[in-house]
Structures are given as structure tokens and as C-alpha cells.
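Below are the chains, spelled out letter by letter.
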Amino acid sequence: MIPPEFDYAAPASLEEAISLLQQHDDAKLIAGGHSLLPLMKLRFASPEMLVDLKNVPGLTGIENGSGLKIGARTRHVELQEGSYGLLTEAAKHIADQQVRNRGTIGGSMAHGDPASDLPAVILAMDGTITAQGPNGERQIAASEMWQDYLTTALADDEVVTSIHVPSYEGYGHAYLKFTRRAEDWAMVGVAALVKVEGGTFSDVRVGLTHMGQTPLRATAVEQALTGQPASAEAIAAAAENADQGTDPPGDLNATPDYKRHLARVMVRRAVAQAAGL
Ligand code: FAD
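Computed from a predicted model, the values in this text were never measured in an experiment. (Residues numbered from 1 in each chain as written. Predicted model: local features only at pLDDT ≥ 70, side-chain atom pairs only at ≥ 80, totals over all residues. Heavy atoms only, no water.)

Examining helix H7 (residues 117–124)
Okay, so step 1: Counting buried residues in H7 gives 8 out of 8 residues, a clear majority hidden from the surface.
Okay, so step 2: Along H7, the residues classified as buried are Asp117, Leu118, Pro119, Ala120, Val121, Ile122, Leu123 and Ala124.
Okay, so step 3: A positive backbone phi angle near 50° is found at Asp126, which sits one or two residues after H7. (Buried < 20%, exposed > 50% of the residue type's maximum accessible area, 1.4 Å probe, protein only. Helix = DSSP H or I, 4+ residues; strand = E, 2+ residues; numbered from the N terminus.)

As C-alpha cells, then:
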């Protein structure tokens, strides 16, 4: 399908991009285009103007300092080909290489699709999204970012400039994704990040992909396991709570109940893998 007609601008600065968003009621930013263009082709979105971020400087690259600062226009392939622990593992699971070569982390954060893989990872890592708008820069905690289906805390005239995640040195990690066909969107995805000290879980973080209208944390599992022995038995018992507080959508692939079952099984496996068990 051909998208509806639109105007196009490729500003050379962040300020210009923000000003274009302010001037046009129905303007949309475009980065990799791999979420927005399909929506436009299906006529679910018909912005009057696309503001392309491709010439805006300072939005790419990954800085390793106190944790990672990832430019918004960093493409999935750059995470995939680096050594960024859980982020690299999850990026490898995103769609196919063509999508990973174009799609960006900033687009994934801003699009707010609960079936996307990176939001649950950033949530589990307690990441921060930096956005710039007409009144300057602000930080949005991942826990505040995703508010409803495809709905984020971003204002219409704000641009995500970077994503920051703390360092999780000494943690084990795993990202598991269940799909009917290779390279599909997740029916359910699980991001696990664990620290084991002296045979005991001192920190457990679990993010869930596609288990509700937004990415979620499996808080009940995290709480049940923290302070417990890092054993297969403890993980199995805690994973029974993996679907607490979730509301997975039923679709052609599975009923909500089946997805809840998947979450329990996959959380058990992901935490065990992250703990090296
Ligand atoms: P765009 O499509 O350019 O933009 C998406 C939205 O974000 C738009 O609303 C846009 O205005 C906004 N936006 C973009 N950049 C910014 C910014 N810097 N600041 C503020 N707003 C911004 N993703 C997965 O995670 N897992 C998958 O399995 C998966 N499968 C896919 C399969 C196919 C066939 C396709 C086409 C896509 C798939 N994706 C998947 C989505 C892909 O990862 C997207 O690239 C990503 O979600 C959005 O990034 P983008 O750069 O393409 O964003």
C-alpha cells in the first residue's frame, strides 16, 4: 500500500526539528521508519509532515561511562554487534537483519509498542530516557515512560535524544522470546538480570514483553527471589507468580491464558539461565 501524501523535512539541528514539530499540528518524527511507515502504509497514521532525524547531529553512538549512554538514533544492529550484555542479547532477537539495520532504539522507546523487545529490557534495567523539547531537556524514568498501548510520556514536540542505563557489572542476564515463526514479534518475551552473591540472589530484575498494554516488570518474581538461595527450586516456585499483574492480549497466536503459561515457563528458564543454573 502507498502511504497518504505528506510533506518532508530533514532539519540539520535538534532545535530546528523541535521548531518544525511545534509549527505543524500533525508532524511526526521519523528515524528508522520501520514502525511509522508500516502504520502509514496501512493508513493507521497519516501525518501531514515527516521530520527526519537523519541530519540531526549528536543522536548516534554508544558511550560507556557510568553505565551506557545510547544515542536515540543508534540502530539495533549496533547493539547487536557490540558487547552490551542484556541489550546485545535482546537486540539479536529483534525481527530480521533488515529491520535491525534500520530500526533505532529511540524509535522503539517512542513508539511504545508492548511487543517491542527493547522497552522491557530498558524497564528491567531502570533506564532513563532523555528528551528535549522547546523548554529544554528532561529525564523520563523507564517506569514512567510507557503509559498505555502506543502511548508514552513524551509530548508531541519532544525528541528522544538518548537512553541511559546503569552499569550491571557482575550480573548474569538472559533474554528469551517465544514466537510462532523465527523473526516474528514476541508472543511473550522475558528479560532477566540477576546478581548472585554467596549463593544468594541479591538483586533480581525481570522485564516482560507483550504481557499487557505496556512493557511490565514481574515484580512478584523479583520480590520472591531477592534474598533467596540461587537454586532451581527457588526459581521454579517464584516463577509461578510471573503472570501476576499482567493482562496479555489474546490474538491469532494464543489466548491470554496460554500467554500467562508461557510467561511462567519462560521466566523460570530466563532467570535460571541468567543465574547460570
Ligand atoms: P520510526 O518508525 O522511525 O518511528 C516510530 C515512532 O517513534 C514514530 O511515532 C516516530 O515519530 C517516533 N520517533 C522515532 N524516533 C524518535 C525520537 N528520537 N524521539 C521521539 N520520537 C521518535 N521491533 C522489535 O522490538 N521486535 C520485533 O520483533 C520487531 N519486528 C519487526 C518486524 C517488522 C517487519 C518491522 C517492519 C518492524 C519490526 N520491529 C520490531 C520494529 C522495529 O524495531 C522498529 O524499527 C522500531 O520499533 C522503531 O524504530 P524506528 O527507528 O524504525 O522508528
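Next, the rest of the story.
Some points on the site of the ligand
Okay, so step 1: Taken together, 29 residues lie around the ligand, and Leu29, Leu36, Thr104, Asp117 and Val160 are the ones closest in.
Okay, so step 2: A distance of 2.8 Å separates an oxygen atom of the ligand from a polar backbone atom of Ala31.
Okay, so step 3: One of the backbone nitrogen or oxygen atoms of Ser35 is found 2.8 Å away from an oxygen atom of the ligand.
Okay, so step 4: Protein contact buries 90% of the 970 Å² of open area that the ligand shows by itself.
Okay, so step 5: When contributions to the shell around the ligand are tallied by element, the ones reaching two or more residues are strand E2 (27–30), helix H6 (105–111) and strand E10 (159–165).
Okay, so step 6: The element that contributes the greatest number of residues to the shell around the ligand is H6, accounting for 4 residues.
Okay, so step 7: Of the residues assigned to the shell around the ligand, the class counts are 13 nonpolar, 11 polar and 5 charged. (Near = heavy atom within 4 Å. Polar contact = N/O pair within 3.5 Å; in protein donor to acceptor, adjacent residues only side chain to side chain. Areas by Shrake-Rupley, 256 points an atom, 1.4 Å probe, with all protein chains shown as cover. Nonpolar A, V, L, I, M, F, W, Y, C, P; charged D, E, K, R; others polar.)

Some remarks on the packing of aromatic side chains
The description of an aromatic ring pair uses the distance of the two centres, along with the angle that the planes make with each other.
Okay, so step 1: Taken as a whole, this structure holds 1 aromatic pair when the rule is applied.
Okay, so step 2: On the numbers, 5.0 Å between centres and 85° between planes, the contact of Tyr168 with Tyr171 is edge-to-face.
Okay, so step 3: Judged by relative accessible area, which is 14%, Tyr168 ranks as buried. (Phe/Tyr/Trp six-rings, centres within 6.5 Å; stacked < 30°, edge-to-face > 60°.)

Observations regarding unusual backbone geometry
Okay, so step 1: The backbone of Arg43 shows a phi angle near 65°, a positive value even though the residue is not glycine.
Okay, so step 2: Its place among the elements puts Arg43 in the loop between helix H2 (36–41) and strand E3 (49–52).
Okay, so step 3: Despite not being glycine, Leu150 shows a phi value in the positive range, around 55°.
Okay, so step 4: With respect to the helices and strands, Leu150 occurs in the loop between strand E8 (146–148) and strand E9 (151–152).

As for the environment of Tyr84
Okay, so step 1: Locating Tyr84 in the fold gives a position in the loop between helix H3 (76–80) and helix H4 (86–91).
Okay, so step 2: Among the residues examined, Tyr84 registers a relative accessible area of 22% and is labelled partly exposed.
Okay, so step 3: Not counting chain neighbours up to four residues away, the residues in contact with Tyr84 comprise Ile62, Leu68, Glu78 and Leu79. (Contact = heavy atoms within 4.5 Å.)

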